Amino acid sequence: MINKYNLTKTNLQGFNDLRSDYNNGFKDWKVLYTLMCYSFNSQYRFNNDHQYNSSFGKNRSEYTSTTESKLKTVYGKLKNMDIVFMAQNFVDFDFSDFGKNDFVYCDPPYLNSTANYNDDKRGFESWNKGYELKLYEVLDNLNEQNCRFAVSNNLKSNTLIGDWINRRGYTIYNLNNTYYNCCYNKKDKSKIDSEVLITNY
Ligand SMILES: C[S@@+](CC[C@H](N)C(=O)[O-])C[C@H]1O[C@@H](n2cnc3c(N)ncnc32)[C@H](O)[C@@H]1O
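By convention here, each chain's residues receive numbers from 1 onward along its written sequence. Local features in this predicted model are restricted to residues whose pLDDT is 70 or higher, and side-chain atom pairs enter the listing and the counts only when it is 80 or higher, whereas totals over whole chains, interfaces and linings include all residues. Derived side-chain values reflect all non-hydrogen atoms in the structure, with water molecules and hydrogen atoms excluded from consideration.

1. Focus on a nonpolar patch on the surface
A surface patch of nonpolar side chains, about 330 Å² in accessible area, is lined by M81, I83 and F85. Runs of H or I in DSSP of at least four residues are treated as helices and runs of E of at least two as strands, each being numbered from the N terminus. Inspection of the secondary structure puts F85 in the loop between α3 (65-78) and β1 (103-106). The patch calculation keeps residues exceeding 30% relative accessible area without a salt bridge and links them within 9 Å when they carry like charges or within 5 Å when they are nonpolar (Val, Leu, Ile, Met, Phe, Trp, Tyr). Surface exposure here means Shrake-Rupley accessible area, sampled with a 1.4 Å probe, where a residue is shielded only by the protein chains that are shown. We define a salt bridge as a contact between a side-chain nitrogen of Lys or Arg and a carboxyl oxygen of Asp or Glu at a distance within 4 Å.

Right, here's the structure in full:
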């Protein structure tokens, strides 16, 4: 595919041709993955009609030998593991039989933050107060079931989470991550934020 479309980190036309073919029916995970490798910030994004619309990652994004070796390592490990991938709303997931031998990690969108999976413009519902409170309910139930959990979040943008943590006595680990290479729309990326990991153990 890379040769056929002559994909490089400078060939905009090749990227546009592959993106157009993808949107016109050339749908396969390998096409989507390749598009992502050559996209701005190596990030995939869709419009309201579910058409792929990430722009070209000029001079920056490409499929390299390092990318290939990481892909092979992950693929090699996954194919020998008993693992199931599911894409569904967490609200519809049944956690009722989780218990002390299970662990749940959540990396939800941060309430009041901006990210392109969270702007209500991609044909997906964005994260809101209702989802935030529902997540607390799910996690509180897991806690009652003696299941351990960890949640990534941000104390600065999220105005609800502090109360919930204090009320339930959960543990906060400060991560102080500068997120230099992340895709959030922060004006000052070097500013140390209030990134935290919250656990119930
Ligand atoms: C902070 S990102 C997680 C990034 C992920 N950990 C990774 O490394 O790629 C938050 C994710 O939550 C997903 N999300 C938003 N609302 C959701 C919902 N109701 N149920 C499940 N996932 C949801 C978004 O699509 C987004 O991928």
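That covers the picture; the talk isn't over yet.
2. A look at the nonpolar core
Membership of the largest hydrophobic core comes to 21 residues, with the highest contact counts inside it found for V104, L139, L142, F149, W164 and I198. Elements with a minimum of two residues in this core: β1, α4 (129-144), β2 (148-154), α5 (161-168) and β4 (195-199). Considering every element that reaches this core, the biggest residue donor is α4, with six residues. Here L139 is in contact with C106, F149, V151, W164 and Y170, once residues within four sequence places are set aside. What we call a nonpolar core is a set of buried Ala, Val, Leu, Ile, Met, Phe, Trp, Tyr and Cys residues that are connected through their side-chain atoms within 4.5 Å. We call a residue buried when its accessible area falls under 20% of the maximum for its residue type, exposed when it is over 50%, and partly exposed in between, using a 1.4 Å probe and counting protein chains only. Ranked by size, the runner-up nonpolar core spans twelve residues in total, among them L18, Y38, F46 and F56. We call two residues in contact whenever any of their non-hydrogen atoms come within 4.5 Å of each other.

3. Quick notes on the packing of aromatic side chains
Two aromatic rings, drawn from Phe, Tyr or Trp (for Trp, its six-membered ring), form a pair once their centres lie within 6.5 Å of each other, and the interplanar angle then sorts them: stacked below 30 degrees, edge-to-face above 60, tilted otherwise. Going through the model one piece at a time under the given rule, you end up with 16 aromatic pairs. Seen in terms of ring centroids, F93 and F98 are 6.0 Å apart; in terms of plane orientation they differ by 85°. Their pairing is edge-to-face. You can call F93 partly exposed: its relative accessible area is 27%. When the centroid spacing of 6.2 Å and the interplanar angle of 65° are considered together, the rings of F103 and Y201 count as edge-to-face. A residue pair is termed long-range when its members are at least 10 positions apart, and F103 in strand β1 and Y201 in the segment after β4 qualify at 98 residues. The class for F103 is partly exposed, based on a relative accessible area of 46%. Connected via pairs of aromatic rings, a cluster forms that spans Y22, Y44, F46 and Y52. For a lysine, the NZ atom is tested; for an arginine, the CZ atom; a charge sits over a ring if that atom is within 6 Å of the ring centre and within 35 degrees of the ring normal. The ring of Y22 carries the charged tip of K27 above its face, separated from the ring centre by 5.0 Å. Geometry around Y201 places R148 over its ring, the cationic atom sitting 6.0 Å from the centre.

This is a description of form; function is not addressed.
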